Amino acid sequence: MSTEDLIRQTRTVVAQLHAELPRWGLVVWTAGNVSQRVVVGAAPGPADLFVIKPSGVTYDELTPESMVVCDLDGNLVDGTRAPSSDTAAHAYVYRHMPSVGGVVHTHSTYATAWAARGEPVPCVLTMMADEFGGDVPIGPFALIGDDSIGRGIVETLQVSRSPAVLMRNHGPFTIGRDAKAAVKAAVMVEEVARTVHIARQLGDTVPIAQSDIDSLYARYQNVYGQQPTHTPESDS
C-alpha cells in the first residue's frame, strides 16, 4: 500500500476513533485527541508521519478530511487546519518509542482527579493487573506547547508496563500498538480510577501481591481472548 493510501486509511480510522471519546464520557467540548502513526517504509522510523485531530474543533465536526498529518517533529505536512495543541507531545512519543502506534489524551474526570492529587492509582483490582501490569503511574508536571509533556510521558512509561500515565495536574495520556489500543487504555484507565476512588471512600483497599499481578498480566497479555487456530496446513 502506498503512503498516500495509508494516510487516507489512517485519517478514517482516527476520525472514527475520536467518536469513542465522548461515547465513553472521556472528554468535554473540544478537549482530548487521538493520533495514529503512519509507518513510512518497512519499519517504524524517523520518516514516519502521524494523523491527529485539528485544534479546537468539536467532535461532531470531525471527518477524515478534517484530520491533519504531521511529521515526527510535529510539523504540519498535510491538512488545512492547525494541529492539536498536544501535537508536540504525541510527536515526541512517536520519535522515542518506535513500538507505539497510537497515542490518546483525555481529561476524563476520575483519572484527572488522581492526576490533580499527583497520586498513582494503586493496583488493587485484577482488571488493573491485566491491563496495566501494576499501578497507573504519575508523570511529572509539564507545560503545554513544547515537547515537555512528551518527555514526561516517555520517561514514565519506559520504566512501566502501564500503557497509561497520569501527567500531574493535567490528565491521562495512553499509548498502544495502534490508536484503537490507546483508546481502549483511555477507557480502562478512567474505569479503574473511578472504581478505586469509590473503594477508598468505603475504607482501605486490599493490595494484590506482586507475584499475582505478574501472573495476571502474563495471562491477559498472552492467553486471554481468541488465539490463532492451529491447522495442519500451518505446519506445511
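Criteria and thresholds
Residues numbered from 1 in each chain as written. Predicted model: local features only at pLDDT ≥ 70, side-chain atom pairs only at ≥ 80, totals over all residues. Heavy atoms only, no water. 1 Å grid on protein atoms, 1.4 Å probe; cavity = no way out; pocket = protein on both sides within 12 Å on 5 of 7 lines; lining within 4 Å. Points joined across faces, edges and corners; volume = space filled by probe spheres on them. Nonpolar A, V, L, I, M, F, W, Y, C, P; charged D, E, K, R; others polar. Phe/Tyr/Trp six-rings, centres within 6.5 Å; stacked < 30°, edge-to-face > 60°. Lys NZ or Arg CZ within 6 Å of the ring centre and 35° of its normal. Helix = DSSP H or I, 4+ residues; strand = E, 2+ residues; numbered from the N terminus. Contact = heavy atoms within 4.5 Å. Buried < 20%, exposed > 50% of the residue type's maximum accessible area, 1.4 Å probe, protein only. Pairing = 2+ DSSP bridges. Axes fitted to C-alpha atoms, helices over the stretch in contact; angles between N-to-C directions. Parallel < 35°, antiparallel > 145°, perpendicular 65-115°, else oblique. Left-handed = near helix turned anticlockwise from the far one by under 90°. Arc of directions from axis to C-beta.

## Description of the layout of surface pockets
Rolled over the atoms, a probe sized like a water molecule indicates the empty space that remains.
For step 1, the next point in the chain: Considered as a void within the structure, the largest pocket measures approximately 800 Å³ in volume.
For step 2, the next point in the chain: Forming the boundary of the largest pocket are 26 residues, of which Glu-131, Arg-177, Ala-181, Lys-184 and Gln-221 lie nearest the centre.
For step 3, the next point in the chain: Classifying every residue of the lining of the largest pocket by side-chain character gives 14 nonpolar, 6 polar and 6 charged.

## Comments concerning the packing of aromatic side chains
For step 1, the next point in the chain: For the structure on display, the rule yields 1 aromatic pair.
For step 2, the next point in the chain: The residue whose ring lies beneath Lys-53 is Tyr-59, and the NZ or CZ to ring-centre distance is 5.6 Å.
For step 3, the next point in the chain: Over the ring of Tyr-217 we find Arg-161; its NZ or CZ atom is 4.5 Å from the centre of that ring.

## Quick notes on the side chain of His-18
For step 1, the next point in the chain: If you trace the backbone, His-18 turns up in helix 1 (residues 3-18).
For step 2, the next point in the chain: Among all residues touching His-18, those that are not within four sequence positions of it are Asn-33, Val-34, Lys-53, Tyr-59, Leu-62 and Met-67.

## Some details on the pairing of strand 2 (residues 49-52)
For step 1, the next point in the chain: Burial along strand 2 is two-sided: the face carrying Leu-49 and Val-51 and the face carrying Phe-50 and Ile-52 are both buried.
For step 2, the next point in the chain: Examined bridge by bridge, strand 1 (residues 33-38) and strand 2 share 4 bridges and lie antiparallel to one another. Following the sheet pairing, Ser-35 is matched in strand 2 by Ile-52.
For step 3, the next point in the chain: By the bridge criterion, 4 bridges tie strand 2 to strand 3 (residues 68-71) in an arrangement that is antiparallel. By the bridge assignment for strand 3, Leu-49 is matched with Asp-71.

## Describing the packing of helix 3 (residues 87-96) against helix 6 (residues 148-157)
For step 1, the next point in the chain: Their axes nearest at 7 Å, the elements helix 3 and helix 6 cross at an angle of 40°. The angle between helix 3 and helix 6 falls in the class oblique. The chirality of how helix 3 crosses helix 6 is right-handed. Contact residues: helix 3 offers Ala-89, Tyr-92, Val-93 and His-96, while helix 6 offers Ile-149, Gly-150, Arg-151, Ile-153 and Val-154.
For step 2, the next point in the chain: When grouped by side-chain class, the residues that make up the contact of helix 3 with helix 6 number 6 nonpolar, 2 polar and 1 charged.

## Some thoughts on helix 4 (residues 109-117)
For step 1, the next point in the chain: Within the span of helix 4, buried status applies to Ala-111, Thr-112, Trp-114 and Ala-115. End-on, the buried residues of helix 4 take up no more than an arc of 155°, which puts them together on one face. Pointing more than 90 degrees away from the buried face of helix 4 are the exposed residues Thr-109, Ala-116 and Arg-117.
For step 2, the next point in the chain: Close packing links the buried residues of helix 4 with strand 6 (138-139), strand 7 (164-167), strand 8 (171-176) and helix 7 (179-202).
For step 3, the next point in the chain: Looking one or two places after helix 4, you find Gly-118, whose phi comes out positive at around 65°.

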